[in-house]
Amino acid sequence: MTSQTIPVDPFDLIVFGGTGDLSERKLIPALFERQLAGQFSEPTRIIGASRSKLSDDEFRSFARKAIADHVKEDVDDHEIRTFLDRLSYVSVDAKAGTDFDKLKKAIGKDERTRVFYLAVAPNLFGDIAKNLAAHGLVTPLSRIVVEKPIGRSLQSATELNDEIGSVFGEQQIFRIDHYLGKETVQNLMVLRFGNALFEPLWNSAHIDHVQITVAETVGLEDRVSYYDKAGALRDMVQNHILQLVCLVAMEPPSSLDADAVRDEKLKVLRSLKRINGQEGPKLTVRGQYRAGASSGGAVKGYLEELGSTESDTETFVAIKAEIENWRWAGVPFYLRTGKRLAQRGSEIVIQFKPIPHSIFDESAGPVTANQLVIRLQPDEGVRQWIMIKDPGPGGMRLRHVPLDMSFAESFKVRNPDAYERLLMDVIRGNQTLFMRRDEVEAAWRWIDPILAGWEENGQKVQGYTAGTWGPSSSIALIERDGRTWHESD
Ligand code: BG6
């Protein structure tokens, strides 16, 4: 199995927050992989920019270590040196004009694709954008990439979007949701729109409900100050999970053009039924992990990790959502995500309705409804559960079995990290896998009332033991409707 690599035009990538965690864990390894794949054209340069005072060589040592720690395959030192030769570093304080003069000098006058990647706290977005403009660094070939969180409410998201939008046109703004770069997430579109099989059944006449689970085993990691102000609803649902909802629920776009896809996603976000204050306790569950066991070892509770006795930040959230349109009326979307859960795994489950009438005797056993399970990670793949006859003599006995496709087993290729795809899309100027301003704002329009309802009703977090599937009320949330969460195997 060969994979095809189409080279991109030469580019300059300026990474603000160049010595930060994202740069180390994701951006540098992803760029290095793309060089290995032969996707770069010359000259391609990467300029690290952050407040730390580093020399070019110190930045190169940082990058060398990032490659050693995060690139899995064995790599030849010559490739590493070629990569390091592309790198340089400028120490920049987002507010200091003089630093931007230095940056301007480092970039030089060549007219080529220029990408400013803002891997920094959102409160710096506005200052950086203004300073780039004031120093004449924004050209028609320039793009800006921003990471979530884009705001913590509709209002703050609007302000951030205004600040960036006053300097860059919407066509130049790339809002990253790294879930959209995941292979299996893109595969969702192929599964739905590259097969004639599913689309006629993809509606409330045939689908009973949808489940989306994004379960993590990690805890707070080193993100105390960010996470405790965010919580799972803002951190995971407003962006990643709602993007998954959009891809499952959207109408077929007329093409893969960025706006054709994003127009359809926007309609889904706008059709989400608002969850009002009084409905919060019935339709949402908030949890926070307590001490327990995870990945084979004892782990602390959230508060102990935080070093505090008080915090009402949710590390788990479950929601029963509904989409008010013709296709999905009456089909609940059960969403859940959490940290320190029993097992790492993200999946989408499409639960079909039972057959209308069974021709089989009771002795044949139950006829279980079809189910399509799309596993996003780990062990990416698709599993379609169907009924068959149990092989062999002895009469008609029924069996529920999976038609199973594991991507790792079927395609012996490396599964690229989401950032590899997304970074190259930025260089190509393809916005299909990036969030448009109105999408981000529509997502907040649905999230804000949930947050407000929690506040008004004093809906506090419920404790759950680390290493379990969250508070028992999340099980009740789905079982009240006579359904159960899918257990991955
Ligand atoms: C990030 C969240 O956006 O996604 C983190 O801020 C979360 O809290 C991470 O851990 C999960 O990403 P992935 O790719 O590991 O599923």
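Worth saying up front: this structure is predicted, and the values here are computed from it rather than measured.

**With respect to the packing of helix α2 (residues 56-70) against helix α3 (residues 77-85)**
Two numbers describe how α2 lies on α3: the axes approach to 10 Å, and their chain directions differ by 140 degrees. The orientation of α2 relative to α3 falls into the category oblique. Crossing of α2 over α3 shows right-handed handedness. The residues of α3 that touch α2, namely those facing Arg60, Ala63, Arg64 and Ile67, are Asp77, Ile80, Arg81, Phe83 and Leu84. A breakdown of the residues in the contact of α2 with α3 according to their chemical character gives five nonpolar, no polar and four charged.

**Details of the sheet that holds strand β1 (residues 11-16)**
Read from one edge to the other, the open sheet built from six strands follows the order β3-β2-β1-β4-β5-β6, with strand pairing classed as parallel. Since the sheet does not close on itself, it has two edges, and those belong to β3 (87-91) and β6 (173-176), each with one partner. On average, adjacent strands in this sheet sit at an angle of 20 degrees to one another, irrespective of strand direction. Against the sheet, α2 engages β2 (45-50) and β3, with an angle of about 120 degrees to β3.

**Here we look at the sheet that holds strand β16 (residues 398-406)**
Strands sit in the order β16-β15-β14-β13-β7-β12-β11-β8-β17 across an open sheet of nine strands; the sheet is mixed. The strands lining the two open edges of the sheet, one partner per strand, are β16 and β17 (462-465). Across this sheet, the average inter-strand angle for adjacent strands is 20 degrees, counted without regard to direction. Sheet topology note: the strand β7 (residues 207-215)/strand β12 (residues 333-338) ladder contains six bridges and is parallel. For Ile212, the partnering residue across the bridge sits in β12 and is Leu335. Strands β7, β11 (316-321), β12, β13 (345-352) and β14 (371-377) of the sheet are contacted by helix α8 (residues 224-249), whose axis makes an angle of about 140 degrees with β12.

**Quick notes on the side chain of Glu264**
The residue Glu264 is located in helix α9 (residues 258-271) in this model. Under the relative-accessibility criterion, Glu264 is labelled buried at 12%. Non-local contacts of Glu264, meaning those with residues more than four positions away in its chain, are made with Met250, Glu251, Pro252 and Pro253.

**A closer look at α9**
A rise of 1.5 Å per residue sets the reference length of α9, with its 14 residues, at 20 Å; its end C-alpha atoms lie 20 Å apart and thus fit the reference within 8%. Counting buried positions over the 14 residues of α9 gives ten, a clear majority of the element. Inspection of α9 places Ala258, Ala260, Val261, Arg262, Glu264, Lys265, Leu266, Val268, Leu269 and Ser271 among the buried residues, and these make up the whole buried set. For α9, the secondary structure elements touched by its buried residues are α7 (183-193), α8 and α14 (437-457).

**Points about the packing of aromatic side chains**
The tally for this structure, following the rule as stated, stands at 14 aromatic pairs. The interplanar angle of 85 degrees and the centroid separation of 5.4 Å between the aromatic rings of Phe11 and Phe40 together place this pair among those described as edge-to-face. One end of the pair, Phe11, is in strand β1; the other, Phe40, is in the loop between α1 (21-36) and β2, with 29 residues separating them in the sequence. Taken together, the ring pairs connect Tyr226, Tyr227, Tyr289, Tyr302, Phe316 and Tyr464 into an aromatic cluster. Seen from the ring of Tyr179, Lys182 lies directly overhead, with NZ or CZ sitting 4.6 Å from the centre. One Lys or Arg, Arg340, reaches over the ring of Tyr289 and ends 5.9 Å from the middle of that ring.

**A short note on the side chain of Lys265**
Looking at the secondary structure, you find Lys265 in helix α9. The buried category is assigned to Lys265, whose relative accessible area is 1%. Reaching out from Lys265, the side chain makes a polar contact with the side chain of Gln243 at a distance of 2.7 Å. Filtering out sequence-adjacent residues up to four positions away, Lys265 remains in contact with Leu180, Gln243, Cys246, Leu247, Met250 and Glu439.

**Describing the pairing of β11**
Taken across its six residues, β11 has six buried, putting it largely inside the fold. Here β11 shows a buried face lined by Phe316, Ala318 and Lys320 and a second buried face lined by Val317, Ile319 and Ala321. The pairing of strand β8 (residues 284-290) with β11 spans four bridges and is antiparallel. The partner of Gly287 across the bridge, within β11, is Phe316. In this structure, β11 lies alongside β12, joined through six bridges in antiparallel fashion. Note on β12: the bridge partner recorded for Lys320 is Tyr334.

Analysis parameters
- Residues numbered from 1 in each chain as written.
- Predicted model: local features only at pLDDT ≥ 70, side-chain atom pairs only at ≥ 80, totals over all residues.
- Heavy atoms only, no water.
- Axes fitted to C-alpha atoms, helices over the stretch in contact; angles between N-to-C directions.
- Helix = DSSP H or I, 4+ residues; strand = E, 2+ residues; numbered from the N terminus.
- Parallel < 35°, antiparallel > 145°, perpendicular 65-115°, else oblique.
- Left-handed = near helix turned anticlockwise from the far one by under 90°.
- Contact = heavy atoms within 4.5 Å.
- Nonpolar A, V, L, I, M, F, W, Y, C, P; charged D, E, K, R; others polar.
- Pairing = 2+ DSSP bridges.
- Buried < 20%, exposed > 50% of the residue type's maximum accessible area, 1.4 Å probe, protein only.
- Expected span 1.5 Å × (residues − 1).
- Phe/Tyr/Trp six-rings, centres within 6.5 Å; stacked < 30°, edge-to-face > 60°.
- Lys NZ or Arg CZ within 6 Å of the ring centre and 35° of its normal.
- Polar contact = N/O pair within 3.5 Å; in protein donor to acceptor, adjacent residues only side chain to side chain.

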